[in-house]
Amino acid sequence: MPDPPQQHNPRPGWQDRADAGRQLAAALAGYAGSTDLLVLGLPRGGVPVAAEVARSLGAALDVVVVRKVGYPPQPELAAGAVAGIAGVTSMVRNEDVLAYWRTRDPAAEALFDAASGEQLAEVRRREELFRQAAPSRRLRGSTVIVVDDGIATGATMRAALGAVRQLDPARLVAAAPMSCGGAAELPAFGADDVVVPWAPSGLPAVGLAYRSFPQTTDAQVRELLGMPGAPGLS
């Protein structure tokens, strides 16, 4: 087991997700050569970052599918997140958002439960389509690095880690090039190690850290995973 990697401090502002992935890989260099090393990207935007990390560290690449759960009256407001991998799922609730809506709508919990169920079904659908019936990589006893392109509220990362933890990895690492929330909030993710080289306070959006931040498509995710693009995904 390697010593926890030292965090690097790259110049803020990456050209694109691949550039950010290469710099994140430098911060994770201590994990190169770990037994059964596996990098899991969060589709969609986390996968191009994860692909560069996996390539640099000589690790296998896979995905843990995550979906935000929007509150139906205002779907852009994240009330939580769900994740799934290898038949296990995890859900994170944003209690502050739910508490706000419970004071205004007695059906708030029922609405959230229905929205969560819809997103869990979408997680299962996307995992099947991304993998084309191929089994997920073995996680038990492995060193697993979960990668996103940035951390805003942290709900999707926490949901992903919750799903992966159920599969008993030897060491679980949360990694992203940057966080909007500041370094003080990073230990809350519950991973064995958190590697986020840049965590400024007050940055309002992940995309502002990138000079080029286009939406990653499902076809691009499949290509990075070594699979052909699939029409009908969006």
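Residues numbered from 1 in each chain as written. Predicted model: local features only at pLDDT ≥ 70, side-chain atom pairs only at ≥ 80, totals over all residues. Heavy atoms only, no water.

Moving on, we get to the pattern of salt bridges. For the coordinates displayed, the defined rule picks out 13 salt bridges. Between Asp-149 and Arg-17 there is a salt bridge whose closest N-O contact spans 3.0 Å. Here Asp-149, found in the loop between β6 (143-147) and α5 (155-165), pairs with Arg-17, found in helix α1 (residues 17-27); they are 132 residues apart in sequence, far enough to count as distant. Among the residues examined, Asp-149 registers a relative accessible area of 9% and is labelled buried. A salt bridge links Arg-126 to Glu-122; its shortest N-O distance comes to 2.8 Å. Linking Arg-126 with Glu-122, this pair stays in helix α4 (residues 108-131), spanning four residues, or about one helical turn. (Salt bridge = Lys/Arg side-chain N within 4 Å of Asp/Glu carboxyl O. Helix = DSSP H or I, 4+ residues; strand = E, 2+ residues; numbered from the N terminus. Buried < 20%, exposed > 50% of the residue type's maximum accessible area, 1.4 Å probe, protein only.)

The subject of this paragraph is the packing of aromatic side chains. Scanning the entire structure with this criterion turns up four aromatic pairs. Arranged with centres 5.9 Å apart and planes meeting at 75°, the rings of Trp-14 and Trp-198 form a pair that is edge-to-face. Pair noted here: Trp-14 is in the segment before α1 and Trp-198 is in the loop between β8 (193-195) and α6 (218-224), with a separation of 184 residues, a long-range link. Seen in terms of ring centroids, Trp-14 and Tyr-210 are 5.3 Å apart; in terms of plane orientation they differ by 50°. Their pairing is tilted. Separated by 196 residues along the polypeptide, Trp-14 in the segment before α1 and Tyr-210 in the loop between β8 and α6 bring together distant segments of the chain. The rings of Trp-14, Trp-198, Tyr-210 and Phe-213 are connected pair by pair, giving a single aromatic cluster. The ring of Phe-213 has Arg-17 sitting right over it, with the charged end atom 4.1 Å from the ring centre. (Phe/Tyr/Trp six-rings, centres within 6.5 Å; stacked < 30°, edge-to-face > 60°. Lys NZ or Arg CZ within 6 Å of the ring centre and 35° of its normal.)

As a rule of thumb, nonpolar side chains are buried together in soluble globular proteins. Counting 46 residues, the largest nonpolar core has Leu-24, Leu-28, Val-39, Ile-145 and Val-147 as its most contacted members. If one sorts the elements of this core by residue count, helix α2 (residues 46-57) sits on top with seven residues. Residues contacting Leu-24, with those up to four places away along its chain left out, are Val-49, Val-53, Val-147, Ala-175, Ala-176, Pro-177, Val-195 and Pro-197. Ranked by size, the runner-up nonpolar core spans 29 residues in total, among them Ala-155, Val-164, Ala-174 and Val-196. (Core = buried A, V, L, I, M, F, W, Y, C linked by side-chain atoms within 4.5 Å. Contact = heavy atoms within 4.5 Å.)

Turning next to helix α3 (residues 95-102). Buried within α3 we find Val-97, Leu-98 and Trp-101. In an axial view of α3, the angular spread of the buried residues amounts to 95°, which keeps them on one side of the axis. (Arc of directions from axis to C-beta.)

Before going further, it helps to examine the environment of Gln-15. Relative to the helices and strands, Gln-15 is located in the segment before α1. As a C-alpha pair, Gln-15 and Ala-209 span 194 residues in sequence and 8.9 Å in three-dimensional space. Side-chain polar atoms of Gln-15 contact the side chain of Arg-211, separated by 3.2 Å. (Polar contact = N/O pair within 3.5 Å; in protein donor to acceptor, adjacent residues only side chain to side chain.)

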